[in-house]
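Here's the letter readout for the chains.
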Amino acid sequence: MDTDLRALTGDQQWYGPHSSSAAEWPVDALMLAKGKTKISVVLPARDEESTVGDIVSVIRRDLVERTPLVDEIVVVDSKSTDRTAERARAAGARVVKQDEVLPHLPALTGKGEALWKGLAASGGDLVVFVDADLRNFAAHYVSGLVGPLLVNSGTHFVKATYERPFTGADGVVHRGAGGRVTELVARPLLNLFWPELAGFAQPLGGEYAGRREVLERVPFVTEYGVEFGLLVDLLQLIGLDAMAQVDLGQRTHTHQSMAALGRMAGQIMLTAWSRLERQGRVLASEPPAHTLLQFGPEGADLVNVAVAERPPLASLVLEEDPA
Ligand SMILES: O=c1ccn([C@@H]2O[C@H](COP(=O)(O)OP(=O)(O)O)[C@@H](O)[C@H]2O)c(=O)[nH]1
Ligand SMILES: O=C(O)[C@@H](COP(=O)(O)O)O[C@H]1O[C@H](CO)[C@@H](O)[C@H](O)[C@H]1O
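Residues numbered from 1 in each chain as written. Chains lettered and ligands numbered in written order. Predicted model: local features only at pLDDT ≥ 70, side-chain atom pairs only at ≥ 80, totals over all residues. Heavy atoms only, no water.

Engineer: Explain the pairing of strand E13 (residues 299–304) here, please?
Structural biologist: Within a regular beta strand, the side chains point alternately toward one face of the sheet and then the other, so they alternate between its two faces. Alignment of strand E12 (residues 291–296) against E13, held across 6 bridges, turns out to be antiparallel. Paired with Leu292 across the strands is Val303, a residue of E13. (Pairing = 2+ DSSP bridges. Helix = DSSP H or I, 4+ residues; strand = E, 2+ residues; numbered from the N terminus.)

Engineer: I'm lost on the side chain of Lys117 in this one. Help?
Structural biologist: As for its placement among the helices and strands, Lys117 is situated in helix H5 (residues 111–121). Apart from the residues within four sequence positions on either side, Lys117 is in contact with Gln98, Asp99, Val101 and Arg310. (Contact = heavy atoms within 4.5 Å.)

Engineer: Please clarify how the packing of aromatic side chains should be interpreted in this entry.
Structural biologist: For the structure shown, the criterion picks out 7 aromatic pairs. Ring geometry for Phe129 and Phe220: centres 6.4 Å apart, planes at 70 degrees, overall edge-to-face. With Phe129 in strand E5 (residues 126–129) and Phe220 in strand E10 (residues 220–221), this residue pair connects regions lying 91 residues apart in the sequence. Side by side, Phe129 and Phe220 carry an identical accessibility label, which is buried. Residues Phe157 and Tyr208 carry aromatic rings whose centres are separated by 5.9 Å and whose planes lie at 45 degrees to one another, so their mutual orientation is tilted. You can see Phe157 sitting in strand E6 (residues 157–163) and its partner Tyr208 sitting in strand E9 (residues 208–211), a full 51 residues away along the chain. Relative accessible area serves as the criterion here: at 1%, Phe157 is assigned to the buried category. Tyr208 sits in the buried class, given a relative accessible area of 1%. (Phe/Tyr/Trp six-rings, centres within 6.5 Å; stacked < 30°, edge-to-face > 60°. Buried < 20%, exposed > 50% of the residue type's maximum accessible area, 1.4 Å probe, protein only.)

Engineer: Explanation requested: the UniProt feature "domain: Glycosyltransferase 2-like" (unreviewed entry) in the chain in the structure shown.
Structural biologist: Mapped onto the present numbering, the UniProt feature "domain: Glycosyltransferase 2-like" (unreviewed entry) falls at residues 40–135. Here residues 40–135 is 35% helix and 21% strand, with 21 Å between the C-alpha atoms at its ends. (UniProt positions renumbered as here; feature names shortened; annotations may be inferred.)

Engineer: In this structure, what is going on with the sheet that holds strand E4 (residues 94–97)? I would like to understand it.
Structural biologist: Think of a sheet as strands paired side by side through backbone hydrogen bonds, with each pair either parallel or antiparallel. With respect to topology, 8 strands assemble into an open sheet ordered E1-E11-E6-E9-E5-E2-E3-E4, the strand pairing being mixed. Of all the strands in the sheet, just strand E1 (18–21) and E4 have a single pairing partner and so form its edges. Ignoring which end each strand starts from, the neighbouring axes of this sheet average 25 degrees apart. Relative to strand E3 (residues 72–77), strand E2 (residues 39–45) is paired through 6 bridges, and the arrangement is parallel. Each residue of the ladder has a partner; that of Ala45, found in E3, is Asp77. Sitting on the sheet, H5 is in contact with E2, E3, E4, E5 and E9, with an inclination near 150 degrees to E2. (Axes fitted to C-alpha atoms, helices over the stretch in contact; angles between N-to-C directions.)

Engineer: Explain the site of ligand 2 here, please?
Structural biologist: Taken together, 17 residues lie around ligand 2, and Asp131, Arg164, Arg180, Val181 and Thr182 are the ones closest in. In the model, an oxygen atom of ligand 2 is placed 2.5 Å from a nitrogen or oxygen of the Asp131 side chain. Contacts to ligand 2 include Val181, whose backbone N or O atom sits 2.7 Å from an oxygen atom. Computed on the free molecule, ligand 2 has an accessible area of 500 Å², of which 97% lies beneath the protein chains in the complex. Elements represented by at least two residues in the shell around ligand 2 include exactly helix H7 (180–193) and helix H10 (258–278). The biggest single contributor to the shell around ligand 2 is H7, with 3 residues. Per-class residue counts for the shell around ligand 2 are 5 nonpolar, 6 polar and 6 charged. (Near = heavy atom within 4 Å. Polar contact = N/O pair within 3.5 Å; in protein donor to acceptor, adjacent residues only side chain to side chain. Areas by Shrake-Rupley, 256 points an atom, 1.4 Å probe, with all protein chains shown as cover. Nonpolar A, V, L, I, M, F, W, Y, C, P; charged D, E, K, R; others polar.)

Next up, the structure:
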């Protein structure tokens, strides 16, 4: 089942996560391995009315009704201003509002907050995270990610890889040109400072799955630092051998502007810096700034790229129900 990267790169001294493809994890076989394991799919969604319904419908049709691999579909409504919640609910998801999960805690923001709240609001032994802006989602995204977790007891976290085209405003598709922050920021940072993670071909991809007992033992960086932070923290907690990647084919999604990706890059750099400090690998004479001066057609704009962090869910002493 597993293909080590070393086999793919000849005699080059290389190692990486156990790698396979979605086709190696057929749903019918997974049903035999599922047993009593409960599986939750969590979708963080901010203003995704145009895509969230189709994604939820495919999961429900193929992986709940046709073959009951998935036990719950949770959409985290991340302060949407459109009909995301309505569309998700109509398609069969349980919708939770980000700030209504663990409401006694001060609300934080961004994708990482949405994911942490989704983990808290869901109940599956395995949790699959899927972005809600995907335009080519198919059921094998979920079955491919849970396959290694259901079959290999030593695998605790599975990251998707895929070919990521970029679709320009003119509708022209540029193969392999997606993942701009991945290529310009995340991949260099990982190769420089965490080369054990260099084998993850799409470190920032939004589709991944893990065992709840593991996901509840790592912090979640807020905003767009969450994927980078999870990889680095999981490497430290469980080691590379417990991490895998599965090729899902191709991934197309809604692209953000370069200005938005600049802010994302700042958040990821601050996440990397925090981990270098936490791991005792840098000593800062002064902390990095959290602001970014961006220049656009309308002039200069000073933006905040600070990230915060939710603690491991398992560290919360949840208030007893008053009842
Ligand atoms: O504050 C946020 C920001 C993003 N998202 C969701 O996280 C996923 C990935 O975000 P986005 O598409 O903005 O990132 P990109 O894929 O462009 O890097 C999408 O489902 C978003 O709706 C969210 O739930 N809350
Ligand atoms: O990989 C990337 O560079 C960014 C942007 O992708 P595109 O250049 O718009 O294809 O997309 C990802 O990054 C975010 C931060 O980790 C994730 O939250 C998104 O799910 C992922 O799409």
